Amino acid sequence: MPLLQGTVGVEDLVLLEPLVEESLLKNLQLRYENEEIYTYIGNVVISVNPYQQLPIYGPEFIAKYQDYTFYELKPHIYALANVAYQSLKDQDQDQCILITGESGAGKTEASKLVMSYVAAVCGKKEQVNSVKEQLLQSNPVLEAFGNAKTIRNNNSSRFGKYMDIEFDFKGSPLGGVITNYLLEKSRVVKQLKGERNFHIFYHLLAGADAQLLKALKLEQDTSGYAYLNWDVSRVDGVDDASNFRAVQSAMTVIGFSEEEIRQVLEVTALVLKLGNVELVDEFQANGIPASGIRDGRGVREIGEMVGLNSKDLERALCSRTMETAKEKVVTALNVIQAQYARDALAKNIYGRLFTWIVNRINESIKVGTGEKTKVMGVLDIYGFEILEDNSFEQFVINYCNEKLQQVFIEMTLKEEQEEYKREGIPWTKVDYFDNSIICNLIEHNQQGILAMLDEECLRPGVVSDSTFLAKLNQLFSKHGHYESKVTQNAQHQYDHTMGLSCFRICHYAGKVTYNVTSFIDKNNDLLFRDLSQAMWKAQHPLLRSLFPEGNPKQASLKRPPTAGAQFKSSVAILMKNLYSKNPNYIRCIKPNEHQQRGHFSSELVAIQARYLGLLENVRVRRAGYAYRQGYGPFLERYRLLSRSTWPHWNGGDREGIEKVLEELSVSSEELAFGKTKIFIRNPKTLFCLEEQRRLRLQQLATLIQKSYRGWRCRTHYQQMRKSQILISSWFRGNMQKKCYGKMKASALLIQAFVRGWKARKNYRKYFRSGAALILANFIYKSIAQKFLLGLKNNLPSTNVLDDQWPVAPYKCFSTANRELQKLFYQWKCKKFRDQLSPKQVEILREKLCASELFKGKKASYPQSVPIPFHGDYIGLQGNPKLQKLKGGEEGPVLVAETVKKINRGNGKSSPRILLLTKGHVILTDIKKSQDKTVIGLDSLAGVSVTSLEDGLFSLHLSEMSSLGSKGDFLLVSEHVVELLTRMYRAVLDATQRQLPVTVTEKFSVRFKESSVAVKVIQAPGGGGNSKLSCKKKGSHLEVTVQ
């Protein structure tokens, strides 16, 4: 267990010296400033709120604290949770964890950390995970409906919560039960400046969608509701909208149905709507003051939402029915009374809704009655409160803390006594302040303050807070822990801080002055029967179930128990529950009032330390022996202080400890040896042991360092020596290898020279001087002969399309091999040509000419390659009438086909017969065979043709020709490649000149004195022998290939 070495301050205040308030505060401040927020008092954990997220939580730390005992690691809330869980699991002992502290001290977060730790270390089965999730998800629901922003805390719990978590024999959670205490219902109708109402109202308005708000008859603006503080509708760092979605999700996980969630939100909206019901003064006919509702809209909306007649609600708010055994009397309420009734109704509805939510959660997480369970209770309850104006709420809260202090003292002393008895050490009585006299002052059945308050509430006649105070002054005038103005005057004391309507109780944590104003009303907590009956008449299932006393069949004239009596009964049950379990304590402290991280207010912490009784706790813990530890761990820590036990000890642990302490001359009065533990009375003795251990560790560290340095130097020397030997041997070997290599190379060089000299000598002796050249020529010729013979035997086929050829076996034959390949190919081509007839030769020449003119230029060229040129496409040889068109022309007709002539004026086309001879181009109308145009080949200046698959072409005539004045011809032929190829060859033969053939989509055509620009475009999807469409636009002719 670390005490001084490597720690910040003192981790366990039981070992604090000197034990005074100043040193305690300084120790807490020192640890807090070093982000050590947890400190022990024995097995009690003190937690100082850091107001920031520290990196000391999560799965890694949970696993660490799960594997170690309480004192082996730094103080942490996980250590206490682990002790409680392991005791419950392994020792079958029910546990409870009591978390106390004032608002803003971090009680809620501490309870969450305990729950998260237990959830993480227990079972992982699907059913167990479901139960864990339900238990964890109960927190956001209860926080939304039971927490609020206060001046001291943005998420202050305004109720006390005790949760019993039930486990099976394996330590897996089965379910639980939640008990709530004293919800601060007055916050529903009134909040202090700078505070908010309960979170759920703001969550609902910010997070509900437009459809839900409309159904609940609400508006998103918080300033429209009288029960909400307008100046603090938002809190920094709190997202009300996302929190509303989280609450809805948590309710679903717990087991709330969609209908139940909707009904809860409707009742919540009802409370908000009640605050907007404005009451005004009215007078009855006899002049008696009465009240009424200014605007009936709010009451009508409430009636529509919960199924209630608005008249019944208005009547219940503005009047009261007094019922006796014989008659009923209806009394009108004035405005103040009606406002009290309205606010009482709102508080009762919200309080009963909260209780219903807690019971509904209990239904979901409850355990079956037949299962045997172990229980761990977690108590998160308000701490001791001393405000400027203390009322009934502070009175019952401080009463509860008195009872918890009583439990702590008795249980701590009991635990100490049992441990002493278990270890066989005599128990000496411990003097401590017994606060049972204060508890009796408050809770005595006949003469306690709560009993007097109930008696005054039930007494007939005029009852007021002043009569209640007078009764207390009379009854407790000589009580040592009670003061008031009357008792002080009787003792001739003057205290200006004591008001006439106040009394003071000397609590264990200090004196608290209470103002009795409203004690009677708050204790009565009455709701007029008219309002209960009105709520019961509602058609809303949840609202109706909250007011069972409104049922006329169950109407009772018996007065309900007072708030004080109910709270006293709840505290008695809680105490009984706590006494049946092994307690574990977490004391939460708020370091400053402004929720600033790193700021420690000694004055504020000192007040809380007194409230929590920290010094009292330490004194009780140190009443007998301040420190105790098992023999094994103690010997392991301090055996190095004795030469007898260090470094080896073979005896028992107790004997070893006796040896160590005997050599250190520790007084026997400071020690006590139990059965399994050693007890040390004074912390100074332990600090002395720790200081000697620190010095001994320094000596041992010096010895270890000396030994290590010597070993390191020896090792380094040995390594250097081995390295030097290795380097030397390698260097000598390398030098010898180099020397041998030089000698070997020299010997080989000499041998080569000698062999060369001998070879040259023998060569001159036996061979002629030209033998080498002859031999080389012979070898070369042999290789060449072999190459040529091999080529002869492996010649490729004589097919002119076969371009295969053997590869030369040697690079020196590459050039010759290429020349031979060319010769062979030329020979194959000549042989092929020699086999052709003159007609075949002429066909190939025409195809060659067409290739030169159109290959890669005209899209229709590839289609014309395999088709032979026929020339006659109109049956000229068998039709004498058509033969007359030739006239006196000599020679054969090269091409005869039907073409279309395009009118250059309007773009229309007409069929013509075209005849191509060796000297002319003849165009004749099919219907009028006498009407023909003869164009001499010497008159052709050029031809324009498109690159598309169409047959459009233009014959350009020279201006000097007889037809030049008419202009050029624009024709369309289905065999344009053949026609233009033969026309080109005919012009070349007739005029010894080449006919210019232009491939383009844009060209000009002469038309009389002017010219027409022709533009050919390809329509989408066009191709092949598609139709042509021509459009004339002024001097432009647009041809579309479709």
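Residues numbered from 1 in each chain as written. Predicted model: local features only at pLDDT ≥ 70, side-chain atom pairs only at ≥ 80, totals over all residues. Heavy atoms only, no water.

### A closer look at the packing of helix α13 (residues 392-423) against helix α23 (residues 614-621)
Turning to step 1, where the next piece is worked out: Interhelical geometry of α13 versus α23 gives an angle of 20 degrees and a closest axis separation of 10 Å. Put simply, α13 runs roughly parallel to α23. Taken as a pair, α13 and α23 cross one another with a handedness that is right-handed. Note on element contacts: α23 touches α13 through Glu616, Asn617, Val620 and Arg621, opposite Gln405, Phe408, Ile409, Thr412, Leu413 and Glu416. (Axes fitted to C-alpha atoms, helices over the stretch in contact; angles between N-to-C directions. Helix = DSSP H or I, 4+ residues; strand = E, 2+ residues; numbered from the N terminus. Parallel < 35°, antiparallel > 145°, perpendicular 65-115°, else oblique. Left-handed = near helix turned anticlockwise from the far one by under 90°. Contact = heavy atoms within 4.5 Å.)

### What about the layout of surface pockets?
Turning to step 1, where the next piece is worked out: In this model, the second largest pocket occupies a volume close to 1,300 Å³.
Turning to step 2, where the next piece is worked out: Lining of the second largest pocket is provided by 41 residues; of these, Asn43, Val83, Glu415, Glu419 and Lys677 occupy positions nearest its centre.
Turning to step 3, where the next piece is worked out: Residue assignment for the lining of the second largest pocket shows that the elements contributing at least two residues are α3 (77-90), α13, β16 (582-589), β17 (627-630) and α24 (631-638).
Turning to step 4, where the next piece is worked out: The dominant element in the lining of the second largest pocket, judged by the number of residues it contributes, is α13, at six residues.
Turning to step 5, where the next piece is worked out: Its residues placed into classes, the lining of the second largest pocket shows 13 nonpolar, 14 polar and 14 charged. (1 Å grid on protein atoms, 1.4 Å probe; cavity = no way out; pocket = protein on both sides within 12 Å on 5 of 7 lines; lining within 4 Å. Points joined across faces, edges and corners; volume = space filled by probe spheres on them. Nonpolar A, V, L, I, M, F, W, Y, C, P; charged D, E, K, R; others polar.)

### Overview of the sheet that holds strand β1 (residues 38-41)
Turning to step 1, where the next piece is worked out: The strand order across the open sheet built from seven strands is β1-β2-β16-β3-β12-β6-β7, with neighbouring strands paired in mixed fashion. Either end of the sheet is taken by a strand with one partner, and the two such strands are β1 and β7 (173-181). Across the sheet, the mean angle separating the axes of adjacent strands is 20 degrees when strand polarity is ignored.
Turning to step 2, where the next piece is worked out: Sheet topology note: the strand β6 (residues 160-167)/strand β12 (residues 374-380) ladder contains seven bridges and is antiparallel. Note on β12: the bridge partner recorded for Ile165 is Met376.
Turning to step 3, where the next piece is worked out: Its contacts with the sheet place helix α4 (residues 107-121) against β1, β3 (95-100), β6, β12 and β16, and it is angled at close to 160 degrees to β12. (Pairing = 2+ DSSP bridges.)

### Some points on the UniProt feature "binding site: ATP" (unreviewed entry) in the protein
Turning to step 1, where the next piece is worked out: Feature annotation in UniProt assigns "binding site: ATP" (unreviewed entry) to the following positions: Gly101, Glu102, Ser103, Gly104, Ala105, Gly106, Lys107 and Thr108. Lining the largest cavity, out of the annotated residues just given, are Thr108.
Turning to step 2, where the next piece is worked out: Position of Gly101 among the secondary structure elements: in the loop between β3 and α4.
Turning to step 3, where the next piece is worked out: The exposure class of Gly101 is buried, given its relative accessible area of 2%.
Turning to step 4, where the next piece is worked out: Gly101 has contacts with Lys107, Ile381, Tyr382, Gly383, Cys588 and Leu612, leaving out every residue within four places of it along the chain.
Turning to step 5, where the next piece is worked out: Along the chain, the position of Ala105 falls in the loop between β3 and α4.
Turning to step 6, where the next piece is worked out: Non-local contacts of Ala105, meaning those with residues more than four positions away in its chain, are made with Ser47, Asn49, Cys588, Ile589 and Lys590. (UniProt positions renumbered as here; feature names shortened; annotations may be inferred. Buried < 20%, exposed > 50% of the residue type's maximum accessible area, 1.4 Å probe, protein only.)

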